[in-house]
Structures are given as C-alpha cells and as structure tokens.
Amino acid sequence: SARLRNAKSARKVAEAAPAGGGLDVDPRDRRRIEELAQRLAHYRAEYSAGTPLVSDAAYDALEDELRGLDPAHPLLARVGSPVLVEAWDKARHVIPMGSLNKVVSEQELLDWAERCDELLHRQGEAAISGALFVAEKLDGISVELLYRDGLFVDGITRGDGEVGERISANVARMRGVPRAIADRRPMSVRGEIILRSSDMAEHFPGVTSPRNAAAGTARRLDGQGNEHLTVLVYDLAGDFGLASEQHKFAMLRRLGFATPNTFTGTVAEVLGLHSRYAAALRDGLDYEIDGLVVRADRLEAQQRLGDVNRRPRGAVAFKFASPAKVTRVLSVDWDTGPSGRVTPVAEVEPVHL
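Residues numbered from 1 in each chain as written. Predicted model: local features only at pLDDT ≥ 70, side-chain atom pairs only at ≥ 80, totals over all residues. Heavy atoms only, no water.

Caption draft 1: Focus on a nonpolar patch on the surface. Residues Val-329, Val-332, Trp-334, Val-342 and Val-348 make up a contiguous nonpolar surface patch of roughly 480 Å² in combined accessible area. Taken together, the elements giving at least two residues each to the nonpolar patch come down to β15 (329–336) and β16 (342–348). Along the polypeptide, Trp-334 turns up in strand β15. For Trp-334, a relative accessible area of 60% translates into the label exposed. (Patch = residues over 30% accessible without salt bridge, like charges linked within 9 Å, V, L, I, M, F, W, Y side chains within 5 Å. Areas by Shrake-Rupley, 256 points an atom, 1.4 Å probe, with all protein chains shown as cover. Salt bridge = Lys/Arg side-chain N within 4 Å of Asp/Glu carboxyl O. Helix = DSSP H or I, 4+ residues; strand = E, 2+ residues; numbered from the N terminus. Buried < 20%, exposed > 50% of the residue type's maximum accessible area, 1.4 Å probe, protein only.)

Caption draft 2: View of the nonpolar core. In terms of nonpolar packing, the biggest core is built from 32 residues, with Leu-109, Trp-112, Ile-128 and Val-294 touching the most fellow members. Of all the secondary-structure elements, those providing two or more residues to this core are α4 (106–122), β4 (132–138), α9 (267–281), β11 (289–296), α10 (299–305) and β14 (315–319). Per-element tally for this core: the top contributor is α4, with 6 residues. With 30 residues, the next largest nonpolar core counts Leu-145, Met-174, Ala-213 and Phe-257 among its residues. (Core = buried A, V, L, I, M, F, W, Y, C linked by side-chain atoms within 4.5 Å.)

Caption draft 3: Structural context of the packing of aromatic side chains. As enumerated under the stated definition, the model contains 4 aromatic pairs in all. Judged by centre distance (5.0 Å) and plane angle (45°), the ring pair of Phe-133 and Phe-249 falls under tilted. Residue Phe-133 is located in strand β4, and its partner Phe-249 is located in helix α8 (residues 245–254); the two are separated by 116 residues in the primary sequence. Across the pair, Phe-249 and Phe-133 agree in class, each one buried. Arranged with centres 6.0 Å apart and planes meeting at 85°, the rings of Phe-263 and Tyr-277 form a pair that is edge-to-face. Note that Phe-263 is positioned in strand β10 (residues 262–265) and Tyr-277 in helix α9, a separation of 14 residues in sequence. A single burial state applies to Phe-263 and to Tyr-277, both of which are buried. Ring-pair connections join several aromatic residues into one group, and the members of that group are Tyr-147, Phe-152 and Phe-257. (Phe/Tyr/Trp six-rings, centres within 6.5 Å; stacked < 30°, edge-to-face > 60°.)

Caption draft 4: Spatial organisation of the pairing of β15. Relative to β16, β15 runs antiparallel, the two being bridged by 7 bridges. Within the sheet, the bridge partner assigned to Asp-333 lies in β16 and is Val-345. Joining the antiparallel neighbours β15 and β16 is a turn of 5 residues, in which Gly-340 adopts a positive phi near 95°. (Pairing = 2+ DSSP bridges.)

Caption draft 5: Geometry of unusual backbone geometry. Positioned with a positive phi, Asn-309 is a non-glycine residue whose angle comes to about 55°. By relative accessible area, Asn-309 is classed as exposed at 72%.

Caption draft 6: Seen up close, the side chain of Lys-319. Along the chain, the position of Lys-319 falls in strand β14. Judged by relative accessible area, Lys-319 falls into the buried class, the value being 18%. The contact partners of Lys-319, leaving out residues within four places of it in the chain, are Lys-102, Val-103, Val-104, Lys-137, His-274, Asp-290 and Gly-291. (Contact = heavy atoms within 4.5 Å.)

Caption draft 7: Molecular detail of the pattern of salt bridges. One pass over the structure, following the stated rule, counts 28 salt bridges. The residue Arg-310 makes a salt bridge to Glu-162 at a minimum N-O spacing of 3.0 Å. Of the two residues, Arg-310 sits in the loop between β12 (307–308) and β13 (311–312) while Glu-162 sits in the loop between β6 (151–157) and β7 (163–166), which places them 148 residues apart along the sequence. Exposure remark for Arg-310: the relative accessible area of 53% places this residue in the exposed category. On the basis of relative accessible area, Glu-162 is assigned to the partly exposed category, the value being 27%. Between Arg-196 and Asp-199 there is a salt bridge; the shortest N-O distance is 3.7 Å. Residue Arg-196 is classed as buried on the basis of its relative accessible area, which comes to 14%. Classification of Asp-199 by relative accessible area gives buried; the value is 5%. In the salt-bridge network here, residues are joined through shared partners; they are Arg-44, Glu-63, Asp-64, Arg-67 and Arg-179.

Caption draft 8: Focus on the side chain of Arg-67. Turning to its location among the elements, Arg-67 is positioned in helix α3 (residues 56–69). Overall, the relative accessible area of 7% leaves Arg-67 in the buried class. Dropping the residues within four chain positions of it, Arg-67 is found in contact with Leu-76, Pro-178, Arg-179 and Gly-256.

Caption draft 9: Structural context of the environment of Val-329. Along the chain, the position of Val-329 falls in strand β15. Setting aside its immediate chain neighbours within four residues, Val-329 contacts Ala-346, Glu-347 and Val-348.

Caption draft 10: Seen up close, the environment of Arg-211. Here Arg-211 is to be found in helix α7 (residues 210–218). Assessed through its relative accessible area of 35%, Arg-211 is described here as partly exposed. Linking Arg-211 and Tyr-287, residues 76 residues apart in sequence, is a C-alpha distance of 9.5 Å. If sequence neighbours within four positions are ignored, Arg-211 has contacts with Asp-139, Gly-140 and Ile-141. A distance of 3.2 Å separates a polar atom in the side chain of Arg-211 from a polar atom in the side chain of Asp-139. (Polar contact = N/O pair within 3.5 Å; in protein donor to acceptor, adjacent residues only side chain to side chain.)

This is the structure in structure tokens:
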C-alpha cells in the first residue's frame, strides 16, 4: 500500500529540515556571549555597590543582545531575594491548556496524517502530510506565561487545564523567561519548565528524576533553586496574523524566548527523524523529552481540522517506546486484604529506568 511504501522510505531519510531552537548556541557566538556575560556581571556588581558604570538603556541593550544569542544563559535568570509566600493562588488560564492525542507507532502516525488529509480534501483544502512541523516533546511541567504591555506579569501552572497555580515569583527567576519583550500586545505564551541534566548534576546532588525535581522546585514557597530551572516555550495562544508554526516559532525566538529544537518535513521525513531521536539524538540532549509533537504547519489547516474532546485534530504527540529493563524476581509475598482476598506481590531486584 501507499502507507507501507511511505514507512519504508522514511527509514532511508537522513533527517528532516532543521528549523533551529534548543539550548545549543552557535559556536561562532560563544566569544561574544562570554564577553557580554562578563560585562553584564561587572555592571550588575557596580550597580549594586551604588557606583553604576553605564546607563539603564545601555545595560538593557547589552542584555537584549545576550538574550538574542543565548536566551537560556544563567545570567539572565533573575536571582533576587527569595519571595516568601504562604500558599500559591489559583488562577484561570486566558485560553484553556488542553492536551494532545498520542500515537506510538509508524502506522498510527500514518493513519493520523491520512485522516487529516481526507478531512481537508473534503473541504477543498491542501493536504498536511507534505508540510508538517515537529518540535521536541519536553518532559517537564507545563506553564503559561502572560505578558501585558511588553512586561511579564504572570506564570501559571497547567493545573486541570482551566485553572492552575500562580507561581509568577518563581517563574520570574527561571532561565528563558524575558522580563520584557518588544511587543506590547497582550500575549499568552505556553512553555515547559525543565531541569537540564547538567544543572541537576551541579545543583541537585543525589536527584535522579529531573521532572520530579523541576515540579517540586517550581512550587517551592521560598523560591529557592528556581534560578536553576529553564523554561522552553512551544506555543503562542491567540491570533497574531501568523500563517504557520514556522512563523510562530520565529516570532517567539525573535522576542527572546528559548524554544525546543524544531524541524519541518513530510510524514516520511518525520518517521525518519523519530527513529533517529529514539536511536541517538534523544540521549545527546541536556534535557528530557518523551517524544515529538507533530503538527500541521499551516495554522489555517489546524483551524479547519478543529478539535475532538478538546484535543486538536491537527496535532499529535508521537511518543517514544517506554523504557524497559530485565530484572529478577527475588520473592513472592502473599498479601491478605480487608475483604480476605489474597494477592501475590512480587519483590524484584531494583533497576534504574
């Protein structure tokens, strides 16, 4: 069948067309990044000592340049005095933060793309399977960043999708969250709070789960440790006159946000890319991902495809296979419950996943 031929051709694809993003910086910019970081650190110290060396405008210009070259640079995390709170307030999202349908095999992705193409064909619209947008599916804590008049005003956890916790004081200390952007329109930016593997090793000794550490740290009432977390953004809610996911991510990066790595390609190229991530690319990242998010690149196509049960038809999470290891059963205990039912419980040798 045509789908089988597509699956076979996907294995021969070297990689989909990269569109940038991620936490890596251009090696050609490293010297300038180091120079900017040193100057800004010096200017901050002198300012705190009451002997400012440059004007606020000059300082802001240098900081904006650093953010453009390396949005997640540690110096850009605001490490001010901890903000003590007794509890986090609840806050309603401007636009509900829903979830995605999942696919776990090549055939399921092909079936999804075929269904989307068929629905669009009925409407006289072009297929999406030849123009897909892919972003790494981050394994962290979802958060909504709100901006008003170009200033960061709120950071709200996903919660139940409708209402989350307002942890703005902590989010403001995280890397990748500009305190000001060059766009004064009200803006809701969606992102993921992550703990990079390198930061976990340096600042969270003994911790083995970056996701659990990120979740706990992000909700700390004293704010401690949030300067070691990073927010990577992956979506922009609302109508900004953009035609595609490529334009959306270009806008986010231009405004100074850090994003996951993204790619564009056909459905066959996406299958090949997923295989490469599962085999090698995933292990080379400094942060955890559990799949790839695959979307129709054209935003108009996404709108025409609509939602089903509050989940968009035009996007899916293409998950990686769950990790597994072989272990050994040490013993079987028989547990008697309150009703008298006896259940065997196996004790196994611990293994690290």
